[in-house]
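Observations on the three-dimensional arrangement
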Amino acid sequence: EEEGGMFGGRGLGAFLTDKELPSCLNGWKGSLRREDTNNVGLALRWEAGLAGMEALADVPEEQRTDAVREWANAVSTMVNDTDTVLDAWCVERSIVSIRVANKATDGWRSMTELRNLYRWMSKDVSDIVPDATEEEKVALAQTAYIGQ
C-alpha cells in the first residue's frame, strides 16, 4: 500500500495496526501489517485520553455528564442546522452518528456508498472531476479522515 493511501502511514496505518482490528475487519489485516512500525496514533490517543481523565478526575460526575451532553448537542445542532445532506440522527454520550442523504432516492446512503465516500475522502480526487473550478480542485485535493 502506498504511503499516502487509505491504509498507509498517512491514512489508517498511522492510527492502528493489524493487531488492533476486530475479527469483522480481518480483510484489512494484510494491508495494516507492519512489523517494523509502532502504532504512534494509538499511543497518542491513550495519552490524550489519560490526560483528559486526569484533568477531569476532580470534576463531579454530574458536571462531566452535562459537559458531554452540551458538546453532543452543539455538534448535532451544528450539523443539522447548517446542512441538508447530513443528519445527526443518533447520539450516545459523546458519539454523534451522522447519516448522509442520497438525493437521487430521497433516502440515506447505503453502507456500500458510505464506504466509497470514506475511501474517496481519503484521496486526492481533484483529477476525477474535470469541470471543477480551481477552488473546487483545491478542496477535492484535500484528504480527510472522519470518525473513530
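None of these values were measured; they are calculated from a predicted model.

A few points about the state of the cysteines
A complete count under the given rule lists zero disulfides for this structure. The cysteine Cys90 is free of any disulfide, with Cys24 supplying the nearest cysteine sulfur at 18 Å.

Concerning unusual backbone geometry
Residue Arg93 is not a glycine yet carries a positive backbone phi of 55°. Within the fold, Arg93 resides in the loop between β1 (86-92) and β2 (95-102). Given the relative accessible area of 67%, Arg93 is considered exposed. The backbone of Asp106 sits at a positive phi, close to 60°, despite the residue not being glycine. Residue placement: Asp106 occurs in the loop between β2 and β3 (107-108).

With respect to the packing of aromatic side chains
Within the structure shown, the criterion is met by one aromatic pair. Judged by centre distance (5.2 Å) and plane angle (75°), the ring pair of Phe7 and Trp28 falls under edge-to-face. Of the two residues, Phe7 is situated in the segment before α1 (29-32) and Trp28 in the segment before α1; the sequence distance between them amounts to 21 residues.

Here's the deal with the nonpolar core
Formed by Met6, Phe7, Leu12, Leu16, Leu21 and Leu32, the largest nonpolar core amounts to six residues. By size, the runner-up hydrophobic cluster in this structure holds five residues, among which are Ala72, Val75, Val79 and Ala88.

Concerning the pattern of salt bridges
Per the counting criterion, the structure on display carries four salt bridges. Among the ionic pairs, Arg69 bridges to Asp66, the shortest N-O distance being 3.0 Å. With a gap of three residues between them, Arg69 and Asp66 both fall in helix α3 (residues 61-82), about one helical turn apart. Here Arg99 makes a salt bridge to Asp87, at a shortest N to O gap of 2.7 Å. With a gap of twelve residues between them, Arg99 in strand β2 and Asp87 in strand β1 connect regions that are remote in the sequence. Residue Asp87 is classed as buried on the basis of its relative accessible area of 16%.

Procedures and definitions
Residues numbered from 1 in each chain as written. Predicted model: local features only at pLDDT ≥ 70, side-chain atom pairs only at ≥ 80, totals over all residues. Heavy atoms only, no water. Disulfide = S-S within 2.5 Å. Helix = DSSP H or I, 4+ residues; strand = E, 2+ residues; numbered from the N terminus. Buried < 20%, exposed > 50% of the residue type's maximum accessible area, 1.4 Å probe, protein only. Phe/Tyr/Trp six-rings, centres within 6.5 Å; stacked < 30°, edge-to-face > 60°. Core = buried A, V, L, I, M, F, W, Y, C linked by side-chain atoms within 4.5 Å. Salt bridge = Lys/Arg side-chain N within 4 Å of Asp/Glu carboxyl O.

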